[in-house]
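Overview (structure and organization)
These are the residues of each chain, in order.
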Amino acid sequence: MKEYGRKPYLCKSYHEIMNKTSNSSMWNQIKQKHSEFEKPYFHRAGEYAEMQHYFPNLPGLSGIPSFSLSGVKFDDMRFDHPWMGRPVDDALAWPTWMITFFCRGDPCWCPNQTKCFDMGCTYPVVNVTTDFNSCEGADFTFGNGQLCITAGDSVNWSCSITIHMAYRYYNEKLKKKVTIIGTHGGIRINQCSDDDCISCDCTDITISYTTQQMAVDEVQTLTVTNGTADCTYDWAIDSGGGSLSAATGLSVDYTAPSSNAECAENSIISLSVEGNVCDTLALAINAGVSGTAYWKFEGTVFNDWYYFQPFRCDDSRSGGGGWYPDPSSPKDVRTSAMITEGCCPAGLL
């Protein structure tokens, strides 16, 4: 019988056409093992075990990157195509397994904050790019395995990014190191839930300190009480002398000035977030002057006389107390010479 689909008007005799083995029959007669899951006409058709264990990559995009990789020659690179679900053509440059470029993180953005996420990428990250310039309002950095997103008031609703990774290994067949570049693209960047976004305001934010009385050249650490790493806290010396170890952070070191004539270098330090001043701290800097600086009412009253306790220039107590008819406190008893030399107790701030 004539096989369906054969054309008797081809340039062969009818007898030759009828005796010719069809393409489908020839295929069925091939004497080789076939994979149950992969088509045997791939270039790995003769490697039965390899075909059976071959597994296409997880979803992702890959190809020639639009950025340069420092220290790697273009001739040494090979690029994978995991979305095609097949090994690459240049098999000599590849290990016998398929490489998966994939990141497991679920990043999102918060208004006016920087949030960082552990991405769990399969290979070292060399760059992060936005897809189709779709992330207006957000900046992206990657370091130590974390993707950090710094957002403004809002970010484009269609924001998505591509993470570029590099796998470098020594290829025995090529006798040289080969860098394989791949990407995980189309990672959507949505807004975080309200529970994940921390409001950067002054609620319950104060300056934590050790003492308001310092000596010249002394150092003490100032910290943000109830602060969070998701907010940027600004420190400043509003008046007086000394220096801060940093302008921002959850903690800074304050170093007192080397002198404080007339107490002009007593400092006032402010703590701000988002441009709003949350707290201030006044510090007294004593220049090593001794002697009684002031008297302070201690709360005892007898026949309209008030008991006061004396304090030195370094704000420590100075001997026994005495009685005053006037309850106003504190009573500054420093001489002009003591003030000029830098007798500056915290009790007189």
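Residues numbered from 1 in each chain as written. Predicted model: local features only at pLDDT ≥ 70, side-chain atom pairs only at ≥ 80, totals over all residues. Heavy atoms only, no water.

1. A word on the confidence of the model for the protein chain
How we decide: In predicted models, pLDDT denotes the confidence assigned by the predictor to each residue on a 0 to 100 scale. Contacts were defined at the residue level, with two residues in contact if any of their heavy atoms lie within 4.5 Å.
Looking at the protein chain as a whole, the pLDDT averages 78, with 72% of positions reaching at least 70. Confidence over residues 30–97 falls short of pLDDT 50; this stretch has 122 contacts with residues more than four positions distant or in other chains.

2. A few points about the state of the cysteines
Rules: Disulfide: a pair of cysteine sulfur atoms within 2.5 Å of each other. Only DSSP runs of H or I reaching four residues or more are called helices, and only runs of E reaching two or more are called strands; each is numbered from the N terminus. We call a residue buried when its accessible area falls under 20% of the maximum for its residue type, exposed when it is over 50%, and partly exposed in between, using a 1.4 Å probe and counting protein chains only.
Per the stated rule, a full pass over the model turns up 9 disulfides. Disulfide partner of Cys 103: Cys 121, at an S-S distance of 2.0 Å. Torsion about the S-S bond of the Cys 103 and Cys 121 cystine: about 110 degrees, corresponding to right-handed handedness. Of this pair, Cys 103 sits in the loop between strand S1 (77–79) and strand S2 (108–109) while Cys 121 is found in the loop between strand S3 (114–118) and strand S4 (125–130), placing the two residues 18 residues apart along the sequence. Given the relative accessible area of 21%, Cys 121 is considered partly exposed. Between the sulfur of Cys 202 and that of Cys 278 lies a disulfide, 2.1 Å long from S to S. On the sign convention where negative means left-handed, the S-S torsion of about -75 degrees between Cys 202 and Cys 278 marks this disulfide as left-handed. One end of the pair, Cys 202, is in the loop between strand S9 (190–191) and strand S10 (206–208); the other, Cys 278, is in strand S17 (residues 276–286), with 76 residues separating them in the sequence. Using a relative accessible area of 25% as the deciding quantity, one classes Cys 202 as partly exposed.

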